[in-house]
Amino acid sequence: MAEATRLDQRRAVFDRWGPYGLLFLSTVIGWATADALGMRTGERLACAVLIVAGVVLELWWNRAARGHPGPSMAGARQYALRWAIAFVLTVLHPLFAFYAALGYFSTERLLPPRLRKAGLFATAVTMAGSQSGGLPPGDGLGWVLFGSLLAANSVLALLFGHFAELEEARGRARVETIAELGRTNTALQQALDENAALHTQLLLQAREAGVADERRRLAAEIHDTITQGLTGIITQLQVAATVPDPAASRTHRERALALARESLGEARRSVHNLSPVALADGGLPEALKKTVTEWGERTGARAGFTVTGTAEPLHDEVAATLLRIAQEALSNAARHAAAGRVGVTLSFMGDEVTLDVRDDGRGFDPRAVPARSGTGGFGLDGMRARAERVAGALTIESEIGGGTAVSARVPLVRHDR
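Residues numbered from 1 in each chain as written. Predicted model: local features only at pLDDT ≥ 70, side-chain atom pairs only at ≥ 80, totals over all residues. Heavy atoms only, no water.

Engineer: Looking at this structure, how should I read the pairing of strand S1 (residues 302-308)?
Structural biologist: Regular strands place side chains that alternate from one sheet face to the opposite one. Sheet topology places S1 next to strand S2 (residues 341-349); seven bridges connect them, and they run parallel. Within S2, the residue paired with Val307 across the bridge is Leu346. Between the parallel pair S1 and S2, the chain is carried across by helix H10 (residues 316-337), and the sense of this crossover is left-handed. (Pairing = 2+ DSSP bridges. Helix = DSSP H or I, 4+ residues; strand = E, 2+ residues; numbered from the N terminus. Right-handed = clockwise from strand over helix to strand, strands pointing away.)

Pasting the structure below:
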């Protein structure tokens, strides 16, 4: 782009000062050779008048050209007047062809496209007349020489015109390319600005989603650990207060104390997003067996636990999810179902792990489960959300008076070693 600008500046300098320079050069050469060519006084006077007219014409055009920067009819008039002066000067003295040669260089900047070939041909006539010894030719041989030179100059003029058209087309393409690059850069900058704004918005949404997810996680952890622990503690203390046997009362108080310690550990681990306490010393089967056994002791219901398939160490998040679902299902069986018997089965089946919790309680209609209220627990929604968080699914089968079956199916993701 900088090179194109420098070339335009040089052309502008030549358009402004070139005609003066070529006219001055032609004048000096013509004056020096006037005697050799036998110019008469009248011819010399005519040349002087035409030279002055040429200077005046160029002075006028330098001011008028500011309002006509490109090819126009005003430029065509300037070209015609300059050609007429140069033609007459060349007829009077052939060496004024130096000034007439301007016609080859100014056609694309002065003439509209439809007049350029005519302008080039007119200049070729002037140049051929100068090269053949002057116009008009003196004899038949002079006319033959003039015709041959006119043909040669016409070919050269056509080449000049063709090259000028190519240069003009290249210039237009360059201008269009630069304009397109400008539009592209503008669009790219707008896209970058929009991407920056979108990135900021996505970061804000991700931060808000992370905060909301952490709140849900803590709420679920509190519900599954502290709430259930406190419920168990209250139950054991109530039983201890009503049992007349001191030994039995002490046993219930000890269970309440153990539940309090376990709940405290769960609260600390929930805050730090660690695995449940029951998983700290063993895998999921051991944790589920312990949970089911302790639940049966607290509630007095018959509780059994079974493992099918080949047990494998699970990823902490998967194991914690299944344990929490089992704890919630057992809590629901004790609080709502009044179950006398509960069976928990953990099944390892290829690339899936299934947890089934079945009870013989009063059951319910799954389609009539009320929405969670501000005082209610997470319940079924919480279990389903936990399963979906690890790309699993939860199904519930129940009918009034027919017990309840909760089944959680999750991918088998092995523990990182």
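Having seen the structure, we can now continue with the description.
Engineer: Please clarify how the environment of Asp381 should be interpreted in this entry.
Structural biologist: Relative to the helices and strands, Asp381 is located in helix H11 (residues 379-389). Among the residues examined, Asp381 registers a relative accessible area of 45% and is labelled partly exposed. Separated by 13 residues in the primary sequence, Asp381 and Leu394 place their C-alpha atoms 9.6 Å from one another. (Buried < 20%, exposed > 50% of the residue type's maximum accessible area, 1.4 Å probe, protein only.)

Engineer: Quick question: what am I supposed to make of H10 here?
Structural biologist: Along an α-helix, a turn takes 3.6 residues, which lines up residues three or four apart on a common side. End to end, H10 covers 30 Å across 22 residues, agreeing with the expected 32 Å (1.5 Å per residue, within 8%). Within H10, 17 of the 22 residues are buried, which leaves it mostly tucked inside the rest of the structure. In the stretch just after H10, Ala338 is the one whose phi turns positive, near 50 degrees. (Expected span 1.5 Å × (residues − 1).)

Engineer: I tried to follow the side chain of Asn62 on my own but got confused; where do I start?
Structural biologist: Here Asn62 shows up in helix H2 (residues 41-64). Excluding its chain neighbours within four sequence positions, the residues that come into contact with Asn62 are Asp15, Arg16 and Tyr20. (Contact = heavy atoms within 4.5 Å.)

Engineer: What should I look at first to understand unusual backbone geometry in this one?
Structural biologist: Negative phi values dominate among residues other than glycine, just as trans dominates among peptide bonds. Notably, Ala338 is not glycine yet its phi reads approximately 50 degrees, a positive angle. Assignment of secondary structure puts Ala338 in the loop between H10 and S2. Of note in the backbone geometry, Ala391 takes a positive phi value of approximately 65 degrees without being a glycine. Summarising the element assignment, Ala391 is placed in the loop between H11 and strand S4 (393-398).

Engineer: Would you mind showing me how to read the pairing of S4 here?
Structural biologist: In S4, alternate side chains face the same way, and those of Leu394, Ile396 and Ser398 are buried while those of Ala393, Thr395 and Glu397 on the opposite face are not. By the bridge criterion, six bridges tie S4 to strand S5 (residues 404-411) in an arrangement that is antiparallel. Within S5, the position partnered with Ser398 by the bridge is Thr404. Counting the residues that bridge the hairpin from S4 to S5 gives five residues, and of these Gly401 lies at a positive phi of roughly 80 degrees.

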